[in-house]
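What follows is the residue order along each chain.
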Amino acid sequence: MKKKYNKLKECKLIELPKIHDARGNLTFIEGGKHVPFEIKRVYYLYDVPGGAVRGGHAHKKLQQLIIAASGSFDVILDDGYSRKRFHLNRSYYGLYIPTMIWRELDNFSTGAVCLVLASEYYDESDYIRDYEEFLRMARK
Ligand code: TYD
């Protein structure tokens, strides 16, 4: 049987530049340089109550970089064949997520801020919110 391409391998932690300073550290991100896409949108999740689960969808066109700007949380990624859990707890690492990856976020610490850089403007028609539909599309 033909071996299926492992798209989860494209999901990776990217170490971002960190300017260490006794007055406080600084990290910067330039679109197309530190992330493999131009940044069109930034959003962030905060005030997440304990036990909450976010995400629960995939995107047809959107690529993202997810950063734990403060605190920590887990990101579970699924390419339709296997799953991988990443624990994000450093503000100078970003998790790159390409197109067509199902994601869920959980295990948020108190005060966690999940910063997301996105390759596209918000577009509800880009979302796949039904897991069975995602599996059908991902396994085609
Ligand atoms: P959603 O992407 O489902 O949240 P998450 O994946 O973090 O759990 O978005 C939640 C709501 O916010 C949904 O009604 C769409 C809206 N929204 C926008 O209007 N603009 C945005 O950029 C984002 C990310 C969401």
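My aim in this report is to walk through the structure given alongside it, one point at a time. (Residues numbered from 1 in each chain as written. Predicted model: local features only at pLDDT ≥ 70, side-chain atom pairs only at ≥ 80, totals over all residues. Heavy atoms only, no water.)

### Overview of unusual backbone geometry
Here is step 1: Here the phi dihedral of D47 falls at roughly 55°; this positive angle occurs in a residue that is not glycine.
Here is step 2: Its relative accessible area of 69% is what places D47 among the exposed residues. (Buried < 20%, exposed > 50% of the residue type's maximum accessible area, 1.4 Å probe, protein only.)

### Some points on the site of the ligand
Here is step 1: As a structural note, the neighbourhood of the ligand is formed by R41, Y43, L45, R54, G55, H57, Y122, Y127 and R129.
Here is step 2: Contact distances for the ligand include 2.6 Å between an oxygen atom and a side-chain N or O atom of Y127.
Here is step 3: For the ligand, the protein covers 63% of the area, taking 530 Å² as the surface of the free molecule.
Here is step 4: Listed by contribution, the elements that provide at least two residues to the shell around the ligand are β4 (41-45) and β5 (54-59).
Here is step 5: Here the shell around the ligand is composed, by residue class, of four nonpolar, two polar and three charged. (Near = heavy atom within 4 Å. Polar contact = N/O pair within 3.5 Å; in protein donor to acceptor, adjacent residues only side chain to side chain. Areas by Shrake-Rupley, 256 points an atom, 1.4 Å probe, with all protein chains shown as cover. Helix = DSSP H or I, 4+ residues; strand = E, 2+ residues; numbered from the N terminus. Nonpolar A, V, L, I, M, F, W, Y, C, P; charged D, E, K, R; others polar.)

### Concerning the sheet that holds strand β10 (residues 102-106)
Here is step 1: Strand order in the open sheet formed by five strands is β8-β7-β10-β5-β12, and the pairing between neighbours is antiparallel. Edge positions in the sheet fall to β8 (83-88) and β12 (127-128), since each has one partner strand and no second.
Here is step 2: As defined by bridge partners, strand β7 (residues 73-78) adjoins β10 across five bridges and the pair is classed as antiparallel. Bridging across to β10, L77 finds its partner in R103. (Pairing = 2+ DSSP bridges.)

### Observations concerning helix α1 (residues 131-138)
Here is step 1: Those residues of α1 lying buried are F134, L135 and A138. Viewed end-on, α1 has its buried residues packed into an arc of 100°, placing them on one side of the element.
Here is step 2: Buried residues along α1 sit in contact with β5, β7, β10 and β12.
Here is step 3: Capping of α1 at its N-terminal end is provided by D130; its side-chain oxygen lies 3.3 Å from the backbone amide nitrogen of E132. (Arc of directions from axis to C-beta. Contact = heavy atoms within 4.5 Å.)

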